[in-house]
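# What the coordinates show
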Amino acid sequence: SAALMIGHDGGWSYETGGVFNSIFNNIPITQYTHVRAAPGSRLVMGGGSQDNGISITTNGGAAWFFRQGGDGSDLSIDPSNTARMWSQVGVYDPPPLFRRHRTVDSGVNWVDANNGITAQGNWYTDVDNDRVSPVYLYTNADNKVYRSTDYGDNWTVIGTFPTTVRAVD
């Protein structure tokens, strides 16, 4: 008997008897858009991948865990507490398309961390920290750059950049 198999950016699916069965993210490959390692530790790292969310390892890559769904954009790890991380994931409707989240247990549980950030329409925004303790966080949304000095509870605009894009001939 014949079977139809389809590979896609969320894993792969196969058809048997007119029914598709999806095996979500069950093959050992991921194409990351951003990857971060904990400063001073080779054990904790993670990253975001389109349509496959955020995945994290806390044992140097021996095992990876899928921790958030959606479009995984970025991950930032606190250098003084590697269980505390921030992520950017999307796509949400209504905006902001990508939202920031915080975990204090290596990605098992997440809370929103977007207070003070206006709606954004841009794709694959970043979140990073200054790698000192206590960390200051930085992110972007539309044409604004934001900073948080309280672990992502609140964000303030610290700068803007032009949004005009001109074609180059």
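Residues numbered from 1 in each chain as written. Predicted model: local features only at pLDDT ≥ 70, side-chain atom pairs only at ≥ 80, totals over all residues. Heavy atoms only, no water.

## Things to note about the sheet that holds strand 8 (residues 71–77)
Strand order across the open sheet formed by four strands is 8-9-10-11, with antiparallel pairing between neighbours. Strands at the two margins of the open sheet, each flanked by one partner only, are strand 8 and strand 11 (111–112). Note that strand 10 (residues 98–103) and strand 11 share two bridges and pair antiparallel. For Arg-102, the partnering residue across the bridge sits in strand 11 and is Val-111. (Pairing = 2+ DSSP bridges. Helix = DSSP H or I, 4+ residues; strand = E, 2+ residues; numbered from the N terminus.)

## Thoughts on the nonpolar core
Core analysis: the largest hydrophobic core is formed by nine residues, namely Ala-38, Val-44, Ile-54, Ile-56, Leu-75, Ile-77, Met-85, Val-89 and Trp-110. If you list the elements that add at least two residues to this core, you get strand 6 (53–57), strand 8 and strand 9 (85–90). Apart from the residues within four sequence positions on either side, Val-89 is in contact with Ile-54, Gln-68, Gly-69, Asp-71, Gly-72, Leu-97, Phe-98, Arg-99 and His-101. Residues Trp-86, Val-127, Leu-137 and Ala-141 belong to the second largest nonpolar core, which totals eight residues. (Core = buried A, V, L, I, M, F, W, Y, C linked by side-chain atoms within 4.5 Å. Buried < 20%, exposed > 50% of the residue type's maximum accessible area, 1.4 Å probe, protein only. Contact = heavy atoms within 4.5 Å.)

## Here's the deal with the sheet that holds strand 15 (residues 156–160)
Across the sheet, which stays open at both edges, the four strands sit in the order 12-13-14-15 with antiparallel pairing between neighbours. Two strands lie at the open edges of the sheet, namely strand 12 (127–129) and strand 15, each paired on one side alone. When the angles between neighbouring strand axes are averaged without regard to direction, this sheet yields 30°. In the sheet, strand 12 pairs with strand 13 (residues 137–141) via three bridges, with the strands oriented antiparallel. Bridged to Val-127 within strand 13 is Thr-139. (Axes fitted to C-alpha atoms, helices over the stretch in contact; angles between N-to-C directions.)

What is shown is where atoms sit, not what they do.
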